[in-house]
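Below, each chain spelled out in residue letters.
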Amino acid sequence: MQQAQSHHGLPTGTVLNGVYTVEAELGQGGFGIVYRAQHCDLGLVAIKEYLPVELAVREGRSVQPRSTDSRGLFEEGLGRFQEEARQLIRFRNHPSIVSCRDFFRASGTAYLVMEFEEGLPLSTLLEAREASGKPFEEADLLAVMVPLLEGLARVHEAGVLHRDIKPSNILIRREDEQPVLIDFGAAKQEFALQSKSVAPYSPGYAAFEQVSEGRLGTWTDLYGVGAVMWRMVAGGNQPYDPPQPAKAERRVHAKFRGEPDPMPSAWELGKGRFSERVLGAIDRCLELGEQDRLQVCGELLRQMRGDEKKTSEPLPLTLPKGEGVGIWRQALDIKGAAAVLLAALVIILGIAFWRNWVNPFDERPIDDSSGMETPVDSASGGLGIGEEPAATTFSIRSDPASARVVFLGRREIYRSGMDLAQGSYQVEVSATGYKTRREWVEHDGTGPYRIELERLGSSFRVEPEPRDARIRVLNIGPPYRPGMKLSAGRYQVEVSAPGYVARRDWVEHDGTGPFRIELERLGTSFRVEVEPKHARISVLNIGRPYDPGMTLPAGRYQIEVRAAGYETYRAWMEHDGTGPYRIELERDESPPKPEVVLNPQEQSPSIPPQRVRVGGDVQRAKLVRQVRPEYPILARRARIRGKVVLEATISKQGYVDDLRVVNGHPLLNQSAVDAVKQWHYRPTVLNGVPVEVITRITVNFNLRE
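Residues numbered from 1 in each chain as written. Predicted model: local features only at pLDDT ≥ 70, side-chain atom pairs only at ≥ 80, totals over all residues. Heavy atoms only, no water.

**Brief notes about unusual backbone geometry**
(1) Moving on: Of note, the bond from Glu465 into Pro466 is cis; its omega dihedral lies within 30 degrees of zero at 15°.
(2) Moving on: For Asn17, which is not glycine, the phi dihedral falls at a positive 55°.
(3) Moving on: Relative to the helices and strands, Asn17 resides in the loop between β1 (15-16) and β2 (20-28).
(4) Moving on: Residue Asn17 is classed as partly exposed on the basis of its relative accessible area, which comes to 45%.
(5) Moving on: Phi is positive for Ser107, close to 55°, though the residue is something other than glycine.
(6) Moving on: Locating Ser107 in the fold gives a position in the loop between β7 (100-106) and β8 (109-115). (Helix = DSSP H or I, 4+ residues; strand = E, 2+ residues; numbered from the N terminus. Buried < 20%, exposed > 50% of the residue type's maximum accessible area, 1.4 Å probe, protein only.)

Now the structure itself:
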């Protein structure tokens, strides 16, 4: 059934974090919105968006606080929402706790990504069973509450409280009919305490210390557990009317006035249908005084399991065929006609398909062994007729080790090292980023049984330079392996090697790799020692002036050394960090070089000048090597374009000397100078003698639109 889109929700087709596409809105409350979304590789997920409507509003795709006064509360709630994600990730391997896959912040708010579980809320299932005349019996109650309490015990051991245990926050998973505890309420409750319209607790299921802002503890959650079990017991009374546990504050007021408790005890409601130990455990959970209540889940489990008397076989926790409502359909307070229609449809489907629905996931063949002889194991002496097979340790060793293991078609919750009777068991092993596997395991006591999952996605490979560099993918759990399978998306890759500058790059993985990442060598001291010592040193192929002891990475550098009265030195040098590099200039024994302007009528053809200007019969030298200037970042951002005019002297060897700026923009000048310094011309010859040529060079900077 499709949930109507709210005016606060994201439109269908919105892409979140680059990989999640919103398909539908599942529910909305005062605290946030839950969507059904499709991951590009991993399939369906549920995404919970932080959007407290009293504090924030959506503008386009961005979420903004409504005012400066509400910003503080909005940010505080956002932090608690993030803490909720951290808590859920800690319990992601437990089958009775909602599994959290991912958490990210975007568009001014945050998103919690969870497994999308098909199933029905316990509240809906109870109403469907009771309306069809088949209320819960004790075996049904235990089938739901025992695994749920085992999961809640793990939550409590980690120092976390749920705070909002009620039937609509317990999902009965369609796949294996196991309960899943959803919608941890710490962040929601803190918001609700500041809200004028959202209750910070669920009436009837909240202990008095929640209503009165008293001391909370594990006993607080057990009150909610007791109220849920009371609801199961009370639903079997005739005439049928969906029962509701009384508010804790109403019960306290009646006690102080000496009036009867407005909430009948479980003992009164279930006597004769439920065992004394279960009814007594429920009533102890519902004590108003926290000190009178059962305190921890283990204590409640021991009391519920204490009676060895066999209970009747449970009716199947049947889920009607058809479209599932999704794990978060009832996780928020969904109000109005949509919720009524949903409940009505579920009840009708539950009645119609109750007797005919068969678990589609249990693929084991029916074992019709009536009249067959029991096989005898000669080594062990065999099993007598009617004897149970021996229980031995059952353990699954999965790869990855964090994978979730559940039984299919059975009520047991998998625990590593548990004792099971020998026989065949179907298990499902799943993990985020891996292909789920379902296997039949023949348990003969020889385990552990190894099951390896196949990664989803395509081959991911990084080719570094140098080849022996270390590679890490920072935003995934497992270490990098060449060719590992990763789903499409953005990954942050770190490449490092001794003697090189480490790099961290985001790469867009679409299966087309490999990704080539080249490291820059770490800089070492670069020093040139010259004779004469006053000579001017330039490094022509870098963008900054030479400084003795400057740090440069290993590589080839063009060095120019000049001094008056000496021949100019220019050469390429291989820098490997072993310097200093020594250069000795040769004295220039030629006569002084007068600067003249060539006039063919006055110039003696037999004695060419030492330096001439371009013009007249002297043509511009032919350029044989040109380096294009880099467009300065600041100039590009400022949209600056134009020309830089330089005056240069071309040496007898064709190199650029005595370069100066004639005209140009300050943000463009240095880039032009750095490029022209590296130009090389064909030497100019007059009367068979090479001469220096004075010329003007124009460098154009144009922005491409």
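So, next bit.
**Considerations on the confidence of the model for the protein**
(1) Moving on: With 77% of its residues at a pLDDT of 70 or more, the protein shows a mean pLDDT of 76.
(2) Moving on: Mean pLDDT across the elements of the protein bottoms out in helix α11 (residues 337-353) (41) and peaks in strand β23 (residues 470-473) (93).
(3) Moving on: Segment residues 1-6 is flagged for pLDDT under 50; beyond a separation of four residues in sequence, or across chains, it makes 23 contacts in the model.
(4) Moving on: Scored below 50 in pLDDT, residues 186-199 makes 31 contacts in the model with residues more than four places away or belonging to other chains. (pLDDT = per-residue confidence, 0-100. Contact = heavy atoms within 4.5 Å.)

**Remarks on the pairing of strand β13 (residues 396-399)**
(1) Moving on: Side chains Ile396 and Ser398 project from β13 onto a buried face, and the interleaved Arg397 and Asp399 project onto a face without burial.
(2) Moving on: Of the pairings in the sheet, the one linking β13 to strand β19 (residues 449-452) comprises four bridges and is parallel in character. From the neighbouring strand, Ile396 faces β19, where its bridge partner is Tyr449. (Pairing = 2+ DSSP bridges.)

**Some details on helix α9 (residues 276-285)**
(1) Moving on: Looking only at α9, the buried set comprises Arg277, Val278, Leu279, Ala281, Ile282 and Cys285.
(2) Moving on: Where α9 is buried, its residues touch α3 (138-157), α6 (218-234), α8 (266-270) and α10 (297-305).

**Details of a negative patch on the surface**
(1) Moving on: On the surface, a cluster of negative charge is made up of Glu531, Glu567, Glu584 and Glu586.
(2) Moving on: Its place among the elements puts Glu586 in the loop between β36 (581-584) and β37 (611-613).
(3) Moving on: Judged by relative accessible area, Glu586 falls into the exposed class, the value being 59%. (Patch = residues over 30% accessible without salt bridge, like charges linked within 9 Å, V, L, I, M, F, W, Y side chains within 5 Å. Areas by Shrake-Rupley, 256 points an atom, 1.4 Å probe, with all protein chains shown as cover. Salt bridge = Lys/Arg side-chain N within 4 Å of Asp/Glu carboxyl O. Lys, Arg positive; Asp, Glu negative; His and termini not counted. Charge placed at Lys NZ, Arg CZ, Asp CG, Glu CD.)

**A look at the pattern of salt bridges**
(1) Moving on: Counted according to the given criterion, the structure contains 24 salt bridges.
(2) Moving on: Residue Asp140 pairs with Arg129 through a salt bridge whose shortest N-O separation is 3.1 Å. Here the residue Asp140 occupies a position in helix α3, and Arg129 occupies one in helix α2 (residues 122-131), the gap between them amounting to 11 residues.
(3) Moving on: For Asp140, a relative accessible area of 0% gives the class buried.
(4) Moving on: The partner of Arg437 in a salt bridge is Glu439, with the nearest N and O atoms 2.3 Å apart.
(5) Moving on: Judged by relative accessible area, Glu439 falls into the partly exposed class, the value being 26%.
(6) Moving on: Within this structure, Arg472, Glu494 and Arg504 form a network of salt bridges that share partners.

**Let's talk about the packing of α9 against α10**
(1) Moving on: Packing of α9 against α10 brings their axes to within 8 Å, and their N-to-C directions diverge by 155°. Considering the angle they form, α9 stands roughly antiparallel to α10. Seen along the crossing, α9 lies across α10 with a hand that is right-handed. For the pair α9 and α10, contact is made by Arg277, Val278, Gly280, Ala281, Arg284 and Cys285 and by Glu299, Leu300, Gln303, Met304 and Arg305, respectively.
(2) Moving on: Of the residues belonging to the contact of α9 with α10, the class tally is five nonpolar, two polar and four charged. (Axes fitted to C-alpha atoms, helices over the stretch in contact; angles between N-to-C directions. Parallel < 35°, antiparallel > 145°, perpendicular 65-115°, else oblique. Left-handed = near helix turned anticlockwise from the far one by under 90°. Nonpolar A, V, L, I, M, F, W, Y, C, P; charged D, E, K, R; others polar.)

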